[in-house]
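The lines below spell out each chain.
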Amino acid sequence: MPRCTHILTTRRGTRPLLRGGGPTPEDGGLSENTINVDSESDEECSSHITVSQLTDWIACGKTWNDAIPSYVKHARNNSRLVPAASLSLSLPGQDETISSVLAHHERFSRKLEDPAMYSNDVPNILLPDTPSQITDCLNHLWASTNSAAPLRLGFNTAWLNGAQSIIIPSDPSHRYPLWVEKLLQEMYHCHKKQRLWYASASWLSETACLSPSSAVLAAECQETFGVLPWAGPVPGFSSAVHLTMADLSRFLSNEWLNDEMINAGLDYILRDMQEGCRVMLVNSLFISSLRKMRKRENWYSRKDTQLDKAIYNKDTDELYIPLHVCNSHWTLIKIDLVNYTYSYSDSLSRSAQVPMEIMSLLQWWLEQLMPEVSGKTLKSIAAPYSMPQQRDSYSWGVVVLSTLAKHLLDFEPWSNKTKGDHRLQWFLRLTQGLQDSNEGSDDTCGMDVQESLVLQTALKPELQLDDIDLTGGLDNGDNGGLPTNFIASVKQDSRSRKRALSKAETLTLSKKTRHSSHTPGTGHLKAPAPIFRPRGAGFFKFRTSILELDVHAEFHAKSDLLVRCSSCSKWLKMRSRHDTKNFKIHRNTASCLEKQHSPSTPSLLTFFKPVTRQGISAPTSAPVHTIQLPCPGLTKESRSDVAQYLRRTATAGGGAPSRSKIANSLYGSDNLLWRHLSPLQKRAVCQREIALYRWRNFRNLGTVFSARCMLEVGVTNVTEEPPACTECQSLLSLQVFRAQLRRPMPSEQNMKFVPKRWRDEDVGHLYIKYHGLQKLLDEDGGGSPWLKFAKGVVDGLYVSNEVVLGMVQALVIKTDRLQKDQTLKGITYTRIFSDFANTMASLSPRAYEMFRQHLGGPTTRSLRHLRAKAPRFKPGIARANFQAAKAVIERLGYHGPLTLSWDDTALEPALAIYQESKNGVFTILGSSAGQIDVQSEADLDRVFDDAQKSQADKLRLYLVGVPLHKVPPMVVAAVSRKGSDSAGALYSLHNKIIQMLHSVEIFPVSMSADGTEVERSLQRTIESAAVKVTDYVIPNLIDTCQITIHLHFQDNSHPFVTLQDSNHGRKTGRNQLFTGARLLVMGRSAMFYSQLRDCVISPGVVSPLFHRDIEKVDRQDDRAAARLTSAAFLSHILASHPEWSALPVYLFILGEMIDAWQNRLITHLERVTMVMTARFVLMAWRTHVTKHPAYLMNIQFISRESYEIFIKICDGLLSLIILYRQYHPTYPLLPWLHGTENCEHIFGILRQLKTDFTYMDMLYLQPKLRTLLIAAFSHIVSEQDVKATAAGYDHSYVLDTKIDLCALAQWPTDAEMAEASHRAFDNAQQLLKAVGIEAMSMLADYKHPIPSSTPKQQCAYADARPRGPATLAELVALYDASAASVSFDQQDRIEACQTALVSESIGRTMDMYVYTPLSDSIGQSSSSQRIVA
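Residues numbered from 1 in each chain as written. Predicted model: local features only at pLDDT ≥ 70, side-chain atom pairs only at ≥ 80, totals over all residues. Heavy atoms only, no water.

K.L.:
What is the right way to look at the overall build of the protein in this model?
P.N.:
Along the backbone of the protein there are 55 helices and 33 strands. Within the protein, buried positions represent 46% of all 1429 residues. Considering only residue pairs separated by 6 or more positions, the protein has 70% of its internal contacts joining residues 24 or more positions apart. Carbon together with sulfur atoms contributes 54% to the accessible area of the protein, which is approximately 72,600 Å² in total. (Helix = DSSP H or I, 4+ residues; strand = E, 2+ residues; numbered from the N terminus. Buried < 20%, exposed > 50% of the residue type's maximum accessible area, 1.4 Å probe, protein only. Contact = heavy atoms within 4.5 Å. Areas by Shrake-Rupley, 256 points an atom, 1.4 Å probe, with all protein chains shown as cover.)

K.L.:
Sorry if this is basic, but what is going on with the side chain of Asp 392 here?
P.N.:
Locating Asp 392 in the fold gives a position in the loop between strand E10 (379-380) and helix H15 (396-409). At 2.8 Å, the side chain of Asp 392 and the side chain of Ser 395 are in polar contact. A polar atom in the side chain of Asp 392 sits 3.1 Å from the side chain of Lys 419. Setting aside chain neighbours within four positions, we find Asp 392 in contact with Leu 348 and Lys 419. (Polar contact = N/O pair within 3.5 Å; in protein donor to acceptor, adjacent residues only side chain to side chain.)

K.L.:
What is the right way to look at the sheet that holds strand E17 (residues 634-635) in this model?
P.N.:
Where strands meet in a sheet, backbone hydrogen bonds hold them as pairs that are either parallel or antiparallel. Read across the open sheet, the four strands follow the order E17-E20-E19-E18; overall the sheet is antiparallel. With one partner strand each, in any of the chains shown, E17 and strand E18 (653-654) form the two edges of the open sheet. Examined bridge by bridge, E18 and strand E19 (residues 695-698) share two bridges and lie antiparallel to one another. Of the residues in E19, the one forming a bridge with Gly 653 is Arg 696. (Pairing = 2+ DSSP bridges.)

K.L.:
When you look at the sheet that holds strand E25 (residues 932-934) in this model, what are you seeing that I'm missing?
P.N.:
Taken in spatial order, the three strands of this open sheet run E23-E24-E25, and their pairing is antiparallel. Looking along the sheet, the strands with just one partner apiece sit at the ends: strand E23 (912-915) and E25. Within this sheet the neighbouring strands show an average axis-to-axis angle of 30°, counted without direction. Across four bridges, E23 lies against strand E24 (residues 922-925) in antiparallel orientation. Pairing of Ala 912 across the sheet is with Leu 925, part of E24. Along the sheet, helix H37 (residues 940-947) makes contact with E23, E24 and E25, crossing E24 at roughly 15°. (Axes fitted to C-alpha atoms, helices over the stretch in contact; angles between N-to-C directions.)

K.L.:
What's the story with the confidence of the model for the protein in this structure? I'm lost.
P.N.:
Parts of the model with low pLDDT should not have their predicted coordinates read in detail. On average, the protein scores 75 in pLDDT, and the residues at 70 or more come to 75%. Low confidence marks residues 1-47, where pLDDT is under 50. Its contacts with residues over four positions away, or in another chain, come to 118 contacts. This stretch, residues 1276-1287, has a pLDDT under 50; its non-local contacts, to residues over four places away or in other chains, come to 22 contacts. (pLDDT = per-residue confidence, 0-100.)

K.L.:
I keep staring at the packing of helix H11 (residues 259-272) against helix H16 (residues 419-430) and nothing clicks. Help me out?
P.N.:
Think of two packed helices as two axes; the pair is described by the angle between the axes and how far apart they sit. It is the contact of H11 with H16, at a shortest axis distance of 11 Å, that shows an interaxial angle of 70°. One way to sum up the angle between H11 and H16 is to call them roughly perpendicular. Residue-level contacts link Ala 264, Gly 265, Tyr 268 and Ile 269 of H11 to Trp 426, Arg 429 and Leu 430 of H16. Looking at side-chain class alone, the contact of H11 with H16 contains five nonpolar, one polar and one charged residues. (Parallel < 35°, antiparallel > 145°, perpendicular 65-115°, else oblique. Nonpolar A, V, L, I, M, F, W, Y, C, P; charged D, E, K, R; others polar.)

K.L.:
Quick question: what am I supposed to make of the nonpolar core here?
P.N.:
If you look at the biggest cluster of nonpolar residues, it comprises 115 residues, and the most contacted ones within it are Leu 1073, Phe 1176 and Trp 1181. Element by element, the count of residues in this core is highest for helix H47 (residues 1200-1223), at 13 residues. Dropping the residues within four chain positions of it, Leu 1073 is found in contact with Leu 1080, Met 1087, Phe 1088, Tyr 1089, Leu 1092, Leu 1124, Leu 1143, Tyr 1146 and Leu 1147. Core analysis: the next-biggest nonpolar cluster, separate from the first, contains 86 residues, Ile 58, Ala 201, Val 398 and Leu 404 among them. (Core = buried A, V, L, I, M, F, W, Y, C linked by side-chain atoms within 4.5 Å.)

K.L.:
Would you mind showing me how to read unusual backbone geometry here?
P.N.:
Both trends apply: most residues other than glycine have a negative phi, and most peptide bonds are in trans. In this model, Leu 711 sits at a positive phi of 70°, which is unusual for a non-glycine residue. Of note in this structure, Glu 1001 is not a glycine but carries a positive phi near 60°. Examined against the element boundaries, Glu 1001 turns out to sit in the loop between helix H38 (983-999) and strand E28 (1004-1009).

K.L.:
How do you make sense of helix H9 (residues 212-224) when you look at a structure like this?
P.N.:
A turn of α-helix holds 3.6 residues, and therefore any two residues three or four places apart point the same way. Between its first and last C-alpha atoms H9 spans 19 Å; for 13 residues at 1.5 Å apiece the expected length is 18 Å, and the two agree. Taken as a whole, H9 has its buried residues at Ser 214, Leu 217, Ala 218, Glu 220, Cys 221 and Thr 224. Each buried residue of H9 sits inside an arc of 160° when the element is viewed along its axis, so together they form one side. Away from its buried face, by an angle of more than 90 degrees, H9 presents the exposed residues Pro 212 and Glu 223. (Expected span 1.5 Å × (residues − 1). Arc of directions from axis to C-beta.)

K.L.:
Just to check I follow, could you spell out the packing of aromatic side chains for this structure?
P.N.:
The relation between two aromatic rings is expressed through the spacing of the ring centres and the mutual angle of the planes. Within this structure, the stated rule accounts for 20 aromatic pairs. Residues Tyr 320 and Tyr 385 carry aromatic rings whose centres are separated by 6.4 Å and whose planes lie at 40° to one another, so their mutual orientation is tilted. Placement of the pair is Tyr 320 in strand E7 (residues 318-325) and Tyr 385 in the loop between E10 and H15, with a sequence separation of 65 residues. The exposure class of Tyr 320 is buried, given its relative accessible area of 1%. Three or more aromatic residues joined by ring pairs make a cluster, and in this case those are Tyr 1146, Trp 1181, Phe 1197 and Tyr 1203. Between Arg 429 and the ring centre of Trp 426, over which it is positioned, the NZ or CZ distance is 4.7 Å. Between Arg 1070 and the ring centre of Phe 1074, over which it is positioned, the NZ or CZ distance is 5.0 Å. (Phe/Tyr/Trp six-rings, centres within 6.5 Å; stacked < 30°, edge-to-face > 60°. Lys NZ or Arg CZ within 6 Å of the ring centre and 35° of its normal.)

K.L.:
Even after reading the chapter, I still don't get the pattern of salt bridges, so can you show me in this structure?
P.N.:
Oppositely charged side chains can form a pair if their charged atoms are brought close together. Counted by the stated rule, this structure contains 32 salt bridges. Ionic pairing is found between Asp 981 and Arg 977, a salt bridge with its closest N-O pair at 3.7 Å. Using a relative accessible area of 7% as the deciding quantity, one classes Arg 977 as buried. With its nearest N and O atoms 2.6 Å apart, the salt bridge here joins Arg 1200 to Glu 1201. (Salt bridge = Lys/Arg side-chain N within 4 Å of Asp/Glu carboxyl O.)

K.L.:
Just checking my understanding: could you explain a negative patch on the surface for this structure?
P.N.:
On the surface, Glu 937, Asp 941, Asp 945 and Asp 946 cluster together into a negatively charged patch. Locating Asp 945 in the fold gives a position in helix H37. (Patch = residues over 30% accessible without salt bridge, like charges linked within 9 Å, V, L, I, M, F, W, Y side chains within 5 Å. Lys, Arg positive; Asp, Glu negative; His and termini not counted. Charge placed at Lys NZ, Arg CZ, Asp CG, Glu CD.)

K.L.:
Looking at this structure, how should I read the pairing of E28?
P.N.:
Counting buried positions along E28 gives six out of six residues, so the element sits mostly inside the fold. Inspection of the sheet shows strand E22 (residues 898-906) paired to E28 by four bridges, in the parallel sense. Paired with Ser 901 across the strands is Ser 1008, a residue of E28. The pairing of E28 with strand E31 (residues 1055-1060) spans four bridges and is parallel. Directly across from Met 1007, in E31, lies its bridge partner Thr 1058.

K.L.:
How should the packing of H11 against H15 be read in this particular structure?
P.N.:
Put simply, H11 and H15 touch, their axes get as near as 10 Å, and they point 5° apart. One way to sum up the angle between H11 and H15 is to call them roughly parallel. On H15, the residues touching Met 261, Ile 262, Gly 265, Leu 266, Ile 269 and Asp 272 of H11 are Gly 397, Leu 401, Leu 404, Ala 405, Leu 408 and Leu 409. For the contact of H11 with H15, the per-class residue count stands at nine nonpolar, two polar and one charged.

Structure below.
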C-alpha cells in the first residue's frame, strides 16, 4: 500500500504531512501548516509533531480506538474540514426564501442506490486551487447524500488505513477529497429540512381544495414562501420559546405539534390577552421540569420564577397548563387557585382523567407555594369551555391552542371541518414577526426614534408603562439632528404586530378573516400616544457595557437608543434597545480611534450640577468624627451570592482578560492558541493573568477584595461591621463579576470535568492529608476496590443495592462504637437492611447469627420483638384479622378498589388445643367443622375425641389485596375444611367472609378462585345472589358475537366481578394437549401429544422447550406452560412443521388470552382486542365440532370445564376494565394482580418453612410468613432461576418493572370497544381460515352451552344429544352374555368383533407415533367405520 503525503512545519522548512485534500491556510481552513498537540491532554507530546509520529500510525494496519494519541485525532479532524468557499457554494443560506429552496427540489430528490466508498488514490478534483469546481459536482454530491451515514461510520478506520479520497458512484472517474464526507453530512441534514417544506407545499395544495376559506388561507401561506427564510430560528417570541422554521413547517402538515410549537402558540395568546388579566399560561415543559425537581429533592426549592412569585403573592387566579400525556397526545388542564379546583379536557375522550402522577406533582407544587391549601385536594369540576372532540389522530395540539384562543381571545372555535383552516391560521399568526421584519428596513421602516419607541411599547402590552411628555421634542443642541415634533397619533389596536409596524390601513381578506372573531375592546392594550418604557435592569447592563468601551459616554435622558461617544461628540443610534453592536463598530472606526488619543469633549450637560427644590442648596451638616478600619471586602456573610461563588470556583481571583488574549499581547500574534505555547510561555501568561486580576478571592476569610481596594474605610460606630470600600462595592456594578455571581452551582458529578489549569491541586492534596485520605488514594495506584466502591456510592451506582449499603453502614457504625468502647444498643438500621435481617433470621437463625457476628445487624431477640409487635393472626374467621387489614389500608392512604381471592391447599390432618389467655376458653383447631370452643376443661377430652372423627385435610385462605405494585396481600381468614365440601357449604362460608369485610368497610371489586367445578359453581351462586345486575353490551355485526358483560352489585353502590386465575388457565390449556383421552381437531388439522414430543425429542432438533416439559411433566409448572405458548416455540413449529396448522393457532390464542392479563406494557384497548379474538376463535371452533357429523365433543374438542374457564377468563377481563372505567377511573388497573397467584405464593412460602404443616403450624408460621412476603415484594429474596428449578410455581405477579401507571389508567370508550370487537372478528377470521374453518357461518350458528350446576349432574357435555351405539366399542358394550343363550355362530361373530375392537385400539395407539397430517378424507373414513344401529 503506498504511503500518502502530509504537511509538516519544522525548523528546517515545510514537509508534506496533511492527507486527504484538507483545506490549506490560504483556503481559510487552517490557521497554519502545523498540526499542534494540546500538551495538557497528552503530556508526553511536544508542541509540534514529527513525520515519524504520523507515519507510525497511518497505513500501518492499526485499529482506531480511544487510545489513539491526540495529535492523530487532530490530523484526522483537519482532513475533514470543508473549505468555506465550497460550503457556501454547496448549501443554501439561511436567508434564502422557502420558494427558492423548493425550486431546486429535483436536484435534492435524486438519490443513488450504490454507496460511495473510500479510495487510497490522491484526489484529482476539488483541489485547493480550483474551488469553483464544486458547482459542477453538486448534482453528483446531492445524489450521494444517502452515503453520508456509512461514510461517517467508516471514516476513522479508512483514514487510518491510508484512504486519501472518496469515489462517488455517479462520477467514478474522479477522486473527491476526504472533506466531502463532512460536506455530505451537511447536505443530508439540509435535504431533511427541505423535504419538510416540500411536504408542506404538497399539503397546502391538497388543503386549498377543501373549502373557499381554505383556498384563501392557503394562497396567503403560499405568498409567504417568497418572503420567509427557509431555516433558522423564528424571532418575536419570549426567551422561553425556541421555535425554528423546521418546527413551523409542521403546522402545514398532519404531523403532531411538539413542545416548541405549543409554547409559541401560548406566547402568541399571552401577548394578545387583555391588560390586567389574572390568567397565566404555563410552559409545556413545566411538568417535566417539576418531575425532575421532585425526583431530585422532596421539597420545592425554586420559588423565584415569575410564575411562582405570582402564585405566592396572589397575583394570579387561573393557570392553564398543556399536558403531554402518555407520550401520545396533548390535553389541557385549568387550575382555579381561588376555589382550588381544576378542569381537565381531552379532545379524544370527554371522560378522560388527569394521570395520577401529574395530579400528585401539581398538588405537591401548589402546597409549597400556597401553605393555606396544605392537606386539601384539588377538586374536579366541569370546564368553563368546550373542548371539541377530534376524529383524527394528529390534531391534539392544534385543538388545545385553538380552544385556549377561543376561550381567552374569542377566536373561532376548532371543528373537524375547519381543522385545516386552523393550522393555516396558526402558521400565519406565528410568522408575522418574520414577515414584518422583511417588510421594513433596519431603521424601523423609516420612522423616527420617538415613534419607534411607542411602537415597541405597543408590542409588549404585558409590561407596565409610565406616561411621559414627548410632545415638546428634544433639544436641537443635543439630539444629533432629530426632528423636534413627535407624531402623537398611534393606532389603538396593537394586537396585530404587522398593523403596528407598517402603518398600512388595509389588510388582505384572509388577514381580516383570522382576526374577525375578535370582540372589540377585548384582548387589546390601548396604548396612549406619549408613552415610554421605564428603564430597568436591562438598561443598567447596557450602560455598564457601554462604559467599559467608553468611560465618558453619555446616555439620552428619554431614549434608550441614543448614546453619545465622548471622543467624536456624536449621538449614535443603537439597532435596538440594549444592543451595543453599533457602538462597538463605531469605536473601532479609524476616525474614532484617532480622536480617542486626543482629549474628549464632554457635552454641556456635564457642567451643570443638580440643585434642590426651588434652587436652594441643602444646609451643610456638622462634621462627624470617623475612625479608620480595615476594609472587609465583599463577605459571604453579607451576600449569599458571594458565598456560593467562593464555594464554586477554585481560582485566586478574576476579571482578567482571557489567556489567549494575554498570550497574543505578550507575543505579538493574533491567532496564538494556548496549546501553541511552551511551558515557560504558559507560566508567563499565568503570571500576567494574576497581575491583571480585577478582584481577588480569600477563602480563609470568605471575602472578595477589589484589586484596587482602598484598604481602609471610615466608620462612626466601631461595634458594627464596617461596609466595604467604594472600590470593592464597585465590583457589584462590574458586568463580568455579576455574571460570575449569577452562575449556578454545578452538580457534584460534573465537578470532575473542571479543567486541570483551573484546579488548585496543592490545596486539594493538603486537604486530603488533613483527613487521612492520602493513603487510600495512593493504594494500588488509585485502583483500590475500596476507592472504586466509595466513588461508586457517591456517583449513585449502588442505589439499587440498598441491602449492601445498609450492611456497610451497619458495619461502620458497629466498628466505630467498638473503638469508642460504646455499647451496641440503640443502633438505628435502614428499613431495607432490617427487612433483610428479619428475612434471614426467619429462614435460618444460625446463619443469621454468624452473619451478624461479622457484619453487624439487629440481634435475634430484637427481631423477635419486632415480629411480636405485629398483630397476632387469629384462627378461623376472626374480626380482628379484618380490622388489621383495614388499618393497613388506612395507613397507606388508599381509597381505591380492592381484591378478594381464595384457594385451598393440602393440610396435614391433626388437631391442636389453643387457649386464649384473656378468657380462658379452650379452642380445638384443625377440625373440618372449623374452630370448636370448649368452655369447661372437664368437657375438653370428650369434645376432643369427637373432633378426631372429622379432621380437616384442606386449608382455605382468604386474601385481601391492594391491586398496586409493591403492596403485599393480607390474609384475613384461614379456615380448615374437608376436601369433599359442596358448593353450598362453601357459599355459607363465603357469606361469613363478605359480612366481615363489609363490617369494616372493605368492598372488593374482584373475587378470584381457581377453575375446579365446585369453585365455578360457587361463583355462579355468588353472582345469582347479587342485589343488582347491570349489563353492558359490546356490539358486533354478528348477533352471536355481541358480548354482554354483567356487573353484579354487593349492595346498591359497590359492584364486583368473579374471575378465574389467568395462570391456571394457561396450565389448563396446556394439559388438554397431554391427555390421551382426546384427539383435538381444529378444521382440517389435529393436535395431540406426539406432535409436541416430536418438536422436542426428535434427533437433531433444537427446541425452545426442555425434555422435562414433555416427559414426566409437572402439570402445575408455570414456566413450562409459558414456554409452550411463547413466540419462540410458535416460530419453531411454523419453521419445522408448516403442515401442522391447528397446533400453532391453538397455542397462539391461548397465549394471547393469558398475555392480555399478564402483560405490563400494552394498553387496555389492546387487551380487549386480544381476549375477544380468543373468545371468537373458541366459539367458532366449538360450533365447528358440534356441527361436524364425524366429531364428538368429548373427544375432538377441549373439555367442558376448560371451555368454561377460557370464556370466563375472557369475559372477566372485559368486566374488570368496564368496572374500573365506570367506578374507579382515576386508579390504574393492574390485571395480573386480580387472581389467585397470591394464594399460591403464600402456600409456597409455608411449604418452604415446613413441607407438611398442620393448622397450628400455620398459625405459628404467620410472623415469618409476613416477613418473607414483604421481602419478596421488596426484592430482597432473589427470584428463582428458570434453569435451576425444573418445576413448580413461578410467582411473577410481584414483578414491577416497566409499568406505566399512566397508560394503565387510560380507558377505552364504548366506540373504541365496538371497533375492537370488529377488529377481533377479523383477526379470528384470519386465524380460522388457516385451519379451514369458515368463521362467519360458524359464529352465526353459535349456541351458548348450558353450564352445569354440580359435577354429579353433569353429563359428558352440556348439550350432548341422546343417540344409539355409534362405534364398535359401544355396540360390544351392549352385549350381555348372561342375558340370553346364543348360538356358536353368534358367539364366533361376537369374539371376532371383540378382536377387531382390540386391534383398532392397538392401531390407534401406534398411530400416535407415526401420525401423518389429517385430510378431509379422514373424516370420511372414520365415518365409514361408524355402526348404524
